[in-house]
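Commentary on secondary and tertiary structure
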Amino acid sequence: MSDDPFEAIKATFFQECEELLGDLESNLLALESGSTDIEVINAVFRAVHSVKGGAGAFGLEDLVRFAHVFETLMDELRSGRKACDEPTVRTLLRAADVLADHVAAARGAGAPVDPARSAGLVAELETLTHGGAAPAATTDLAEDDDFGFTPIALDLAAFEAPAGLSDLPDLPPLPDLAALAPLEAPMAAVEGGWKIVFRPHPRLYASANETGLLLRELARLGPTRVELDDSGLPTLDALDPNDSHLIWTIELDGDASEAEVRDVFDFVEMDCDLSITPLNAAASTEAPAAVEDDEEAPAEALAQAAAADLDIAALLASVGAAPAAEPVAPEPAVPEPVVAAPAPAPVAVAPVAPAAPAAPPAPTPTPSAPAPAAAAPVTIRVDLERVDRMINAVGELVIQQAMLAQRVTESGLARSSDIALGLEDLELLTREIQDSVMAIRAQPVKSVFQRMPRLVRECAEMTGKKVRLVTSGEDTEVDKTVIERLSEPITHMLRNAIDHGLEGPDERLAAGKPAEGTVRLAALHRSGRIVIEIADDGKGINRQRVKGIAVERGLIAEDAALSDEEIDNLIFMPGFSTATEVSDLSGRGVGMDVVRRSIQSLGGRISISSVPGKGSTFTLSLPLTLAVLDGMVVGAAEQTLVAPLAAIVESLTPDAADIHHVGGVDPVLRFREAFLPLVDVAWCMGFSDQPTALKGGVVMIVETESGQRAALLVDAIHGQRQVVIKSLEANYRHVEGVAAATILGDGRVALILDIDALVSTGRARSPSRAEMQMAS
Amino acid sequence: MTHSVTPNVAGADRELIAFRIGEQEFCVDIMSVREIRGWSPATPLPRSPAYMKGVINLRGAVLPIIDLGARFGLKTGEPTERHVIMVAHVGSRLVGLLVDAVSDIVQLSDAAIQPTPDVASDQVKSFVKGIFAVEGGRMISLIDLDHVLPEGEAEAA
């Protein structure tokens, strides 16, 4: 973390950018899938606008320029001047990609943006904006735009309560109260100007926006006449202070453009009904729902407005004198509860006030506490390092607790003794703490999934295929360390699914399928692991071809009889993917060995199922965390070792008669109808010079990540337990056959076996028959 | 308080921890030593050089133990409870150095260090930065810790 506060703010900006870009993409995708919701378009606009605003503050000019063009088009869309059709959305999606590139480049995290690509999109966006007209020089546009957020945020005076409140009477002619009196002809035609009908939703207040500030902003654009319609106010006993009951009608004179007026409401537009109509047209026709309400009770409104006029001097005095936290009570008749309710948003009171005291039942019902139903979970950002430190500390706590438990057992204390009972409680508590600490690091896989639509788009573009990506289970949570390493294999497999799995549109149509192929990306929890499925509805694996290639490369014998499953698994073989022409054939093997390796390094497994003509499904199964492991504690040649439970199929005590030797040398274990290679763990790890005597030994049947089975021979199995994984590499280096280390209850280090390495190297070092016989 | 502010001549003085392996004395910079502890049985690592005694648990971290005597090619036997582990920083890593005993803390100026004479064997020379004499006719070799970890990390995997 940098000490430079500017850098820290910048870092926060980029963090926000990440979220904004995520929102941007998901909203664009909603548009792509046919949403016509204006809120979605607004959300896209706001995301781009916010990125632009922040970028402007940090002088990131390239980013600002691009965002500006993007924003301009979005502005056209949200104003309805431009239809949001399919080609537009596609362009927008690509623009979002480039915007993300710009952000990454500005952050210094990505390669510089391809200028041609950026310029191309700028041109496209401008063409869409101007409906094909030659675009004006965009740089100029960017110059005269304000780069900040909406002016509301800059209006610091408003937040200097109560001093700010007392300043109110000096404000520009905001509530032109004198003008309220002649409201008999309320909407009289005025040359130029706008009629704005503004009906806040409760949400507006919940997100700490203030009507008063908006009105004040409007007043800056020109002389205003403000009319409050409080006819929607219920009687006091029916009043829900969290609801919104008021409607404002503002007439704004002067030559402010509609865009300027809209800008005022920029950040609240989602949370209110807003209609902006030219003033001279307003009196006549199209009045939105809000206005109708207004007109239904014009008399009341007028009466109240008049009353407001009378009370205003007293009100301003009382507001000026009132401390910020107690905004209300201009009328002594107002009962206490109402006073308490609006407290969270005191600043609102002053501007609201002109009309408020005129409404006897409830002066300020609008500023409300956040609606509980809409509240998102409260989150904080924490430096990952702090969480890691805590996880380490908890790991040690777990070990210490286990050591203590072991000591108590060894000391021969009765199980019912106070110490033993206390220790049991401690164990439960420790486990609970461990679980909660692990949960801190858990994150939804959304962050990875979010990046995939772009990849799919690019892949589809490159291959000329039509692809629809369907994702599910984005909220499935998994440890952050796992998440970080999921992106690469998923990227690879998606690319494979599109490149090799899906057919081209023509071929699909010929096969009686829709021209658009579907790729499904799903995440789910299954028996304590996270499962990621990547499925396509393409042509499936061409087994004949795959087998042919494998034979060609000498990976399998020509006459090898392989099951379908085994053939499918051939694509994971390292040799399979080295050939470039594989991608031209039907195989899906490009780099799959790399994928498998990276999944395995996470303690995961990968499997395929494929139906010819119907498609293929790749299934990844990964542990939820890399910090703990369910292990089987075993003994081999005086050493205590841990075998990952996930790899163990079963364990048994073998009969001497079940041991055979292939070619008279390599020992195999007859296990049901199969013969499995027998790996002597102690000997293989170099812990004993001689192979273990079979007598009294135990074997664990294990399955490697590639589905291969083997029998590991150990002296004894001590039991199953969860162990905290400790890196061997941190202070030493990787050791063949060892996946990691852990610390046992007695405080000693135990090695965690790398089953795959053991099985593959174990065979090379398997004891000869002579040695075996010597031992037994 | 006034006398303590006299600055050292830059780099002239350094504090070293001297230790014994067999009859020989060596030393390392005191700044690289984090703690000194008694020998405790280590978990052996498969396929590791003979001087790797294995790993022990250092408050939750896995600490590899290097038998310095064996590393230098000196004759050593099995460690006993009297042996000592110096926990030292080597780069970003933490390693335990198994030695016979820690003998002294010595303060010396860099000027006192003499280059390693040619008589030393190549293996020793690769670990010894220099030697110097201390009172009582002792000779102490200054160890370069950067070279004690097994070389060729990459090839190990």
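This one's a predicted model, so the numbers in the text were calculated from it and none came from an experiment.

What counts, and at which threshold
- Residues numbered from 1 in each chain as written.
- Chains lettered and ligands numbered in written order.
- Predicted model: local features only at pLDDT ≥ 70, side-chain atom pairs only at ≥ 80, totals over all residues.
- Heavy atoms only, no water.
- Helix = DSSP H or I, 4+ residues; strand = E, 2+ residues; numbered from the N terminus.
- Buried < 20%, exposed > 50% of the residue type's maximum accessible area, 1.4 Å probe, protein only.
- Contact = heavy atoms within 4.5 Å.
- Areas by Shrake-Rupley, 256 points an atom, 1.4 Å probe, with all protein chains shown as cover.
- UniProt positions renumbered as here; feature names shortened; annotations may be inferred.
- pLDDT = per-residue confidence, 0-100.
- Buried area = accessible area lost by both parts, 1.4 Å probe.
- Polar contact = N/O pair within 3.5 Å; in protein donor to acceptor, adjacent residues only side chain to side chain.
- Pairing = 2+ DSSP bridges.
- Axes fitted to C-alpha atoms, helices over the stretch in contact; angles between N-to-C directions.
- Expected span 1.5 Å × (residues − 1).
- Parallel < 35°, antiparallel > 145°, perpendicular 65-115°, else oblique.
- Patch = residues over 30% accessible without salt bridge, like charges linked within 9 Å, V, L, I, M, F, W, Y side chains within 5 Å.
- Salt bridge = Lys/Arg side-chain N within 4 Å of Asp/Glu carboxyl O.
- Left-handed = near helix turned anticlockwise from the far one by under 90°.
- Nonpolar A, V, L, I, M, F, W, Y, C, P; charged D, E, K, R; others polar.

1. Description of the overall build of chain B
- The number of helices and strands found in chain B is 3 helices and 10 strands.
- The buried share of chain B, reckoned over its 157 residues, is 43%.
- Sequence-distant contacts, at least 24 apart, represent 56% of the contacts inside chain B between residues at least 6 apart.
- For chain B, the accessible surface area stands at approximately 8200 Å², while carbon and sulfur atoms represent 53% of it.

2. Regarding the UniProt feature "modified residue: Phosphohistidine" (unreviewed entry) in chain A
- Cross-referencing UniProt, the feature "modified residue: Phosphohistidine" (unreviewed entry) maps to His49(A) in the present numbering.
- Assignment of secondary structure puts His49(A) in helix 2 (residues 38-57).

3. Focus on the confidence of the model for chain A
All names here are of chain A.
- Across chain A, the average pLDDT comes to 73, with 74% of residues at 70 or higher.
- Looking across chain A, the model is least confident in helix 30 (residues 769-775), with a mean pLDDT of 37, and most confident in strand 22 (residues 749-753), with 92.
- For the stretch residues 282-299, pLDDT sits under 50, and the model shows 19 contacts to residues farther than four places along the chain or on other chains.
- Contacts from residues 319-373, a stretch scored under 50 in pLDDT, to residues over four places away or in other chains number 89 contacts.

4. Looking at the interface of chain B and chain A
- Listed as interface residues are 26 residues of chain B and, on the opposing side, 25 residues of chain A.
- Buried area between chain B and chain A, both sides added, is near 2200 Å², and the carbon and sulfur share of it is 56%.
- Considering only the side of chain B, the residues that lose the most area to chain A are Pro46(B), Arg47(B) and Val62(B), jointly responsible for 30% of the buried surface there.
- Across the contact surface, chain B and chain A share 7 residue pairs in polar contact (both at pLDDT 80 or more).

5. What to know about the sheet that holds strand 21 (residues 738-743) of chain A
Residue and element names in this part refer to chain A.
- An order of 20-12-13-22-21 is seen for the 5 strands of this open sheet, with the pairing classed as mixed. Because the sheet does not close on itself, it has two edges, and the strands there are strand 20 (716-724) and strand 21. Each strand axis lies, on average, 35 degrees off the axis of its neighbour in the sheet, ignoring direction.
- In this structure, strand 12 (residues 628-636) lies alongside strand 13 (residues 639-644), joined through 6 bridges in antiparallel fashion.

6. Description of helix 3 (residues 61-78) of chain A
Residue and element names in this part refer to chain A.
- Look at helix 3: 25 Å from first C-alpha to last across 18 residues, which is about the 26 Å you get at 1.5 Å a residue.
- Burial within helix 3 is extensive, with 13 of its 18 residues counted as buried.
- Positive phi appears at Gly80, one or two residues downstream of helix 3, with a value of about 80 degrees.

7. Considerations on the packing of helix 1 (residues 5-32) of chain A against helix 4 (residues 86-107) of chain A
All names here are of chain A.
- Where helix 1 contacts helix 4, the axes come no closer than 10 Å and their chain directions differ by 170 degrees. The angle between helix 1 and helix 4 places the two elements in the roughly antiparallel class. Contacts from Phe14, Gln15, Cys17, Glu18, Leu21, Leu24, Glu25, Leu28, Leu29, Leu31 and Glu32 of helix 1 reach helix 4 at Val89, Leu92, Leu93, Ala96, Asp97, Leu99, Ala100, Val103, Ala106 and Arg107.

8. Side note on helix 2 of chain A
Residues and elements named next belong to chain A.
- The terminal C-alpha atoms of helix 2 lie 28 Å apart, and with 20 residues this matches the ideal 28 Å at 1.5 Å per residue to within 8%.
- Within helix 2, 16 of the 20 residues are buried, leaving the element largely enclosed by the surrounding structure.
- Gly59 lies just past helix 2 and shows a positive phi near 65 degrees.

9. Regarding a nonpolar patch on the surface
Residue and element names in this part refer to chain A.
- A cluster of nonpolar side chains, contributed by Leu397, Leu429 and Ile433, occupies part of the molecular surface with about 230 Å² of accessible area.
- Looking at where Ile433 falls in the secondary structure, it is placed in helix 19 (residues 418-441).
- Judged by relative accessible area, Ile433 falls into the partly exposed class, the value being 34%.

10. Details of the environment of Arg71(B)
Residues and elements named next belong to chain B.
- Tracing the backbone through its elements, the reader meets Arg71 in helix 1 (residues 68-71).
- Exposure remark for Arg71: the relative accessible area of 9% places this residue in the buried category.
- Linking Arg71 and Leu149, residues 78 residues apart in sequence, is a C-alpha distance of 9.0 Å.
- Here Tyr51 takes part through its side chain, which lies 3.3 Å from a polar atom of the side chain of Arg71.

11. Things to note about the environment of Gly38(B)
Residues and elements named next belong to chain B.
- Its location among the elements puts Gly38 in strand 3 (residues 33-38).
- Under the relative-accessibility criterion, Gly38 is labelled partly exposed at 43%.
- Separated by 45 residues in sequence, Gly38 and His83 place their C-alpha atoms 6.2 Å apart.
- If sequence neighbours within four positions are ignored, Gly38 has contacts with His83 and Ile85.

12. Digging into the sheet that holds strand 4 (residues 52-58) of chain B
Residues and elements named next belong to chain B.
- A sheet is described by the order of its strands in space; here 5 strands give the open sequence 3-6-7-5-4, paired in mixed fashion. The sheet is open, and its two borders are formed by strand 3 and strand 4, each paired with just one other strand. Looking at each pair of strands side by side, their axes are set apart by 30 degrees on average, direction ignored.
- Sheet analysis places strand 5 (residues 61-67) next to strand 7 (residues 93-99), joined by 3 bridges and oriented parallel. For Ile65, the partnering residue across the bridge sits in strand 7 and is Gly96.

13. Points about the pattern of salt bridges
Residue and element names in this part refer to chain A.
- With the rule as written, the count across this model stands at 35 salt bridges over all chains.
- With a shortest N-O distance of 3.8 Å, Arg454 and Asp97 are connected by a salt bridge. With Arg454 in helix 21 (residues 452-463) and Asp97 in helix 4, this residue pair connects regions lying 357 residues apart in the sequence. Take Arg454 and Asp97: they sit in the same class, and that class is buried.
- One salt bridge connects Arg709 with Glu703, and the closest N-O pair in it is separated by 3.2 Å.
- Here Glu703 falls in the partly exposed class, since its relative accessible area comes to 30%.
- One salt-bridge network, in which partners are shared between bridges, spans Glu25, Asp97, Asp101, Arg117, Arg454, Arg457 and Glu458.

14. Looking at the pairing of strand 10 (residues 138-143) of chain B
Residues and elements named next belong to chain B.
- By the bridge criterion, 3 bridges tie strand 2 (residues 24-29) to strand 10 in an arrangement that is parallel. Bridge pairing links Cys27 to Leu142 in strand 10.
- Two elements, strand 9 (residues 128-134) and strand 10, share 6 bridges in a ladder whose sense is antiparallel. What sits directly across from Ile131, in strand 10, is Ser141.
- Two successive antiparallel strands, strand 9 and strand 10, enclose a turn made up of 3 residues, where Gly136 displays a positive phi of approximately 85 degrees.

15. Examining unusual backbone geometry
- Backbone geometry places Glu638(A), a non-glycine residue, at a positive phi of 70 degrees.
- Secondary-structure assignment places Glu638(A) in the loop between strand 12 and strand 13.
- By relative accessible area, which is 81% here, Glu638(A) ends up exposed.
- One non-glycine residue, Arg47(B), lies in positive phi territory at about 50 degrees.
- Along the chain, Arg47(B) falls in the loop between strand 3 and strand 4.

16. Examining the packing of helix 4 of chain A against helix 21 of chain A
All names here are of chain A.
- Running from amino to carboxyl end, helix 4 crosses helix 21 at an angle of 115 degrees, the nearest separation of the two axes being 11 Å. Regarding helix 4 and helix 21, the two cross each other, and that crossing is left-handed. For the pair helix 4 and helix 21, contact is made by Leu93, Arg94, Asp97, Ala100 and Asp101 and by Arg454, Arg457, Glu458 and Glu461, respectively.
- Within the contact of helix 4 with helix 21, the residues separate by chemical class into 2 nonpolar, no polar and 7 charged.

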